[in-house]
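A closer look at the structure
The residues making up each chain are set out below.
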Amino acid sequence: MNAANRFIYQEENKEVVDAIEQLIEETSIDYVSLKQPIVVRVDPALDEDFVINPVEGWISGRNQAELFHGITKYVLLSSSKEVNEPMTVTAKVSERCVMIDIGRKFYSLKRLKQLVRSMAWFQCTHLQLHFSENEGFRIESELFPEIVSEQHLKKSEIKQLIAYAKRYFIELIPDLDSPGHLKQLLHHYPEWQLPMKDGTMDERALNIVHPDAQQFIKSLYDEYAALFSGSHYFHIGADEFIDFDALETYPLLVETAKEKYGEKASGIEVFIEYVNDIIDHVRQLGFTVRVWNDGFYRLNREEQCVLSKACQVSYWTRWNPNMAPVSFYLENGYELINHNDNFFYYVLGEAAGYTYPTFEKIQKSFQLTTFAHNQRVAEKWLRQSPAIALSIWADIPEAKTAQAVIEDAFWLMAAIHQKVYALEESKAMYQPLYRAWHTT
């Protein structure tokens, strides 16, 4: 059945219907359609994200993205059962993100498109590409081609992926981590590695005091800002720069901080100053900036400067009890992305003490008000937490194939989808979609 037989729509919604048709065709999904075509329309007056009314034969969304989400939800349901009851649906979290570590593990354009298709079925909104790591740099660079791994994605492929995801109302988020996680880059520029007390260099950490090193990193942010110019967000990392409880190992940081901030300074101030400078730089390029939480506001030190409020914080962990609790960030006005590592960290090889998350674990035990280390917040704080994110890390890249990783992610997105939309659907309901999707 083609679009003319499946849907009735106004010309301004043709793009939505064409995207649905493409997704159905690419996934080869069978579903139970109504006896008559479904009227699909945008209704800006809707209080809900979307409404599905199979009784009267129409689907409405408050904008084109939500209309797309409504139709995909209807088709997903209809692949498993006949849909007879009206549904009014509003997501409790406005942005649903998948982060994938392509720095340590190469994923082809074909596999990333497959991931995008599963994201589309589960109404995800953002795909975060973590493309720079200690072990690899996976997107072509014209400024510094020497830093790029042998297996990488060309800029032309990234542009294809951006366009492909946009068709399904999914936006890409570039993720270039600094000033840590830079071994791959600094291997080619050892003069910009951070000196240590014993006279050696930290091959993973940038010498953030060195102006040429700072400019090198800013040039990279400039290059990829141009490639991802249609994106709203840019993740700059700022996690695991050094051992934040062993600042004395880096006398250059301590001495510089004391010169600028006085004897009470511990050395962390230079790091915070660097991050704030990168935040300002990337904001001026047109992005909302995101950073990880683990390096800031440690309870066991008195910082002489603070993290800029002009960023969003990806709260992923509190493995160290001195890390600031989630309540601190919320009460101090930061917006948070919930990367809860207890539920949403899929770490290849189950490295660093992690175990693979499962559909069942998320479905049974996770609540939207739960952050890392089982920190619970009041429902009101969800207004300051606009996004929830699954993180796919590649600590042991050979532990699973790219295909296996993306197949596992399908079920995790299904579980997150249920939580975001306050649904209670059995895993079996997604089996028809999975069978159709995983072979594409």
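Residues numbered from 1 in each chain as written. Predicted model: local features only at pLDDT ≥ 70, side-chain atom pairs only at ≥ 80, totals over all residues. Heavy atoms only, no water.

In terms of regular secondary structure, the chain is built from 14 helices and 20 strands. Taking 440 residues into account, the globule formula puts the C-alpha radius of gyration at 22 Å, and the chain, at 23 Å, falls close to it. In terms of overall dimensions, the chain has C-alpha extents of about 75 × 45 × 40 Å along its principal axes. A burial count over the chain gives 60% of its 440 residues as buried. Here the contacts in the chain between residues at least 6 apart in sequence split such that 71% fall between residues at least 24 apart. For the chain, the separation between the mean place of its 43 positive charges and that of its 62 negative charges on side chains is 5 Å. (Helix = DSSP H or I, 4+ residues; strand = E, 2+ residues; numbered from the N terminus. Rg over C-alpha atoms; globule rule 2.2 N^0.38 Å. Buried < 20%, exposed > 50% of the residue type's maximum accessible area, 1.4 Å probe, protein only. Contact = heavy atoms within 4.5 Å. Lys, Arg positive; Asp, Glu negative; His and termini not counted. Charge placed at Lys NZ, Arg CZ, Asp CG, Glu CD.)

Here we take up the packing of aromatic side chains. Under the defined criterion, the tally for this structure stands at 42 aromatic pairs. Here the aromatic rings of Tyr297 and Phe328 are separated by 4.6 Å at their centres, their planes lie at 50°, and the arrangement is tilted. Within this pair, whereas Tyr297 is found in the loop between β14 (288-292) and β15 (312-315), its partner Phe328 is found in helix α10 (residues 326-331), the two being separated by 31 residues in sequence. What makes Phe328 partly exposed here is its relative accessible area of 27%. Pairing Phe359 with Trp411 gives two aromatic rings, centres 6.3 Å apart and planes at 90°, and the pair type is edge-to-face. Within this pair, whereas Phe359 is found in helix α12 (residues 359-365), its partner Trp411 is found in helix α13 (residues 402-420), the two being separated by 52 residues in sequence. For the cation-ring pair, Lys309 lies above Tyr334, with the distance from its terminal atom to the ring centre recorded as 5.4 Å. (Phe/Tyr/Trp six-rings, centres within 6.5 Å; stacked < 30°, edge-to-face > 60°. Lys NZ or Arg CZ within 6 Å of the ring centre and 35° of its normal.)

A word on the sheet that holds strand β2 (residues 38-42). Strands sit in the order β1-β2-β4-β3-β5 across an open sheet of five strands; the sheet is mixed. Here the strands that pair on one side only, and so sit at the sheet edges, are β1 (7-8) and β5 (87-89). One ladder, built from three bridges, connects strand β3 (residues 50-53) with β5; its direction is antiparallel. Looking at β5, one finds that Ile52 is bridged to Met87. (Pairing = 2+ DSSP bridges.)

Within this structure, the stated rule accounts for 20 salt bridges. The salt bridge involving Arg204 is made with Asp202; its shortest N-O contact spans 3.7 Å. For Arg204, a relative accessible area of 44% translates into the label partly exposed. Using a relative accessible area of 5% as the deciding quantity, one classes Asp202 as buried. For Lys218, the salt bridge goes to Asp277, with nearest N and O atoms at 2.7 Å. With Lys218 in helix α7 (residues 211-227) and Asp277 in helix α9 (residues 268-284), the pair connects residues that are 59 residues apart, well separated along the chain. Take Asp277: its relative accessible area is 29%, and that puts it in the partly exposed class. Salt bridges sharing common partners tie together Asp101, Arg104, Glu133 and Asp395. (Salt bridge = Lys/Arg side-chain N within 4 Å of Asp/Glu carboxyl O.)

As for its placement among the helices and strands, Cys97 is situated in strand β6 (residues 95-101). Separated by 16 residues in the primary sequence, Cys97 and Lys81 have C-alpha atoms spaced 28 Å apart. Setting aside its immediate chain neighbours within four residues, Cys97 contacts His126, Gln128, Ile173, Ile388, Ala389 and Leu390.

Okay, the nonpolar core next. Residues Leu127 and Val291 are the most contacted members of the largest nonpolar core, which totals 147 residues. Ranked by residues supplied to this core, first place goes to α13 with 12 residues. Beyond its immediate chain neighbours, meaning those up to four positions away, Leu127 contacts Val98, Ile100, Leu115, Val116, Met119, Leu161, Ile170, Glu171, Leu172 and Ile173. Trp292, Trp316, Ala351 and Tyr354 belong to the second largest nonpolar core, which has eight residues in total. (Core = buried A, V, L, I, M, F, W, Y, C linked by side-chain atoms within 4.5 Å.)

What follows deals with empty space enclosed by the protein. Counted under the stated rule, the structure contains one cavity of 30 Å³ or more. Put simply, the largest cavity is a space of about 60 Å³. Around the largest cavity sit Arg96, Cys97, Val98, Phe122, Cys124, Ile388, Ala389, Leu390, Met413, Ile416 and His417, which together line it. Secondary structure elements with two or more residues in the lining of the largest cavity: β6, β20 (387-393) and α13. In the lining of the largest cavity, the residues fall into nine nonpolar, one polar and one charged. (1 Å grid on protein atoms, 1.4 Å probe; cavity = no way out; pocket = protein on both sides within 12 Å on 5 of 7 lines; lining within 4 Å. Points joined across faces, edges and corners; volume = space filled by probe spheres on them. Nonpolar A, V, L, I, M, F, W, Y, C, P; charged D, E, K, R; others polar.)

Our focus in this paragraph is the layout of surface pockets. Taken as a whole, the largest pocket encloses approximately 580 Å³ of empty space. Forming the boundary of the largest pocket are 29 residues, of which His181, Asp239, Glu240, Trp316 and Asp395 lie nearest the centre. Going through the elements one at a time, β12 (201-206) and β17 (345-347) are the ones with two or more residues in the lining of the largest pocket.

This brings us to α9. An ideal rise of 1.5 Å per residue puts 24 Å on 17 residues; α9 measures up with 25 Å between its terminal C-alpha atoms. Here α9 lies mainly inside the structure; 12 of its 17 residues are buried. Among the residues of α9, those classed as buried are Ile268, Glu269, Val270, Phe271, Ile272, Tyr274, Val275, Asn276, Ile278, Ile279, His281 and Val282. Among the residues trailing α9, Gly286 stands out with phi positive, at a value near 105°. (Expected span 1.5 Å × (residues − 1).)

Right, let's get into the packing of helix α4 (residues 109-121) against helix α5 (residues 155-167). Where α4 meets α5, the closest approach of the two axes is 10 Å, and the angle between their N-to-C directions is 15°. With respect to α5, the element α4 is oriented roughly parallel. With respect to the hand of their crossing, α4 and α5 are arranged in right-handed fashion. Within the contact between the two elements, α4 uses Leu109, Leu112, Lys113, Val116 and Arg117 and α5 uses Glu157, Gln160, Leu161, Tyr164 and Ala165. (Axes fitted to C-alpha atoms, helices over the stretch in contact; angles between N-to-C directions. Parallel < 35°, antiparallel > 145°, perpendicular 65-115°, else oblique. Left-handed = near helix turned anticlockwise from the far one by under 90°.)

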